[in-house]
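Here is how the chains run, residue by residue.
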Amino acid sequence: GFEENKNSKSSIVWSLKKILRDMPHKPRLILFENVKAILNKKNKSTLDKLVAFLESEGYSVTYKNLDSQIYSGIPQHRERVFILATLGEEVGFEWPKPVPLKFELKDILENNPDEKFYITDVARAGFLKRALEKDYGIRVHNPSNAKVAFTISTKSGGRNYDNFIWEHDISD
């Protein structure tokens, strides 16, 4: 979805080409945020193309993969790539320094959450059936020993990497 001239949410980055070329004055700073997958083998050439375009427009470009658990002190593993483009002189930007984890997952979960937050038996059965058919693992957090949650999503249950927190201790 990061490729130029594709009809996807990620291709919005490429509308920047026209916008920058039509602007009478270019912004001093441009900050992009994207998923970690832009660094993988499949997408790296597209990222390199974006960097080359920005550099041809007079920008210095740097990017870094940041994980929220390391830079926010919050127990959620969420990696995002930030791309910073600066026009002209150095702006003195420094990437954030790591922040100690203040809480573990077990510290912020409610002891007795309302049942409306539980996945329904029908949804759970459907998800488990799809997981077995596709032969992929399911990531379940045990609040007794999970320090950090994986990316928290508003659309849980559709993918093998969605978050599930087991309601009882299963460490034995």
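This section reports on the structure supplied with the text.

What counts, and where the lines are drawn
Residues numbered from 1 in each chain as written. Predicted model: local features only at pLDDT ≥ 70, side-chain atom pairs only at ≥ 80, totals over all residues. Heavy atoms only, no water. Phe/Tyr/Trp six-rings, centres within 6.5 Å; stacked < 30°, edge-to-face > 60°. Helix = DSSP H or I, 4+ residues; strand = E, 2+ residues; numbered from the N terminus. Buried < 20%, exposed > 50% of the residue type's maximum accessible area, 1.4 Å probe, protein only. Core = buried A, V, L, I, M, F, W, Y, C linked by side-chain atoms within 4.5 Å. Contact = heavy atoms within 4.5 Å. Pairing = 2+ DSSP bridges. Axes fitted to C-alpha atoms, helices over the stretch in contact; angles between N-to-C directions.

Brief notes about the packing of aromatic side chains
- What the rule picks out here adds up to 1 aromatic pair.
- Ring centres of Phe93 and Trp95 lie 5.1 Å apart, and the angle between their planes is 85°; this geometry places the pair in the edge-to-face category.

What about the environment of Val13?
- Position of Val13 relative to the elements: it lies in the segment before α1 (15–22).
- Placed 20 residues apart in sequence, Val13 and Glu33 show a C-alpha to C-alpha distance of 9.9 Å.

Overview of the environment of Val148
- Within the fold, Val148 resides in the loop between β5 (140–141) and β6 (149–150).
- The class of Val148 is buried, set by a relative accessible area of 18%.
- In the structure, Val148 is positioned 45 residues away from Phe103 in sequence and 8.8 Å away in space, judged by C-alpha atoms.

Details of the nonpolar core
- Core analysis: the largest hydrophobic core is formed by 17 residues, its most contacted members being Leu20, Ile30, Phe32, Leu54, Tyr59, Val61 and Ile83.
- Mapped onto this core, the elements with two or more residues apiece are α1, β1 (29–35), α2 (41–56), β2 (59–67) and β4 (79–87).
- The dominant element in this core, judged by the number of residues it contributes, is α2, at 5 residues.
- Discounting residues that sit within four places of it in the chain, Tyr59 has contacts with Leu20, Lys26, Pro27, Arg28, Ile30, Leu54, Ala85, Thr86 and Leu87.

Concerning the sheet that holds β1
- One open sheet holds the 3 strands; their spatial order is β1-β4-β2, and the pairing between them is antiparallel. Where the open sheet ends on each side, the last strands, each with one partner, are β1 and β2. The mean inter-strand angle of the sheet, taken between neighbouring strand axes irrespective of direction, is 20°.
- In this sheet, β4 lies alongside β2 in antiparallel orientation, the contact comprising 9 bridges.

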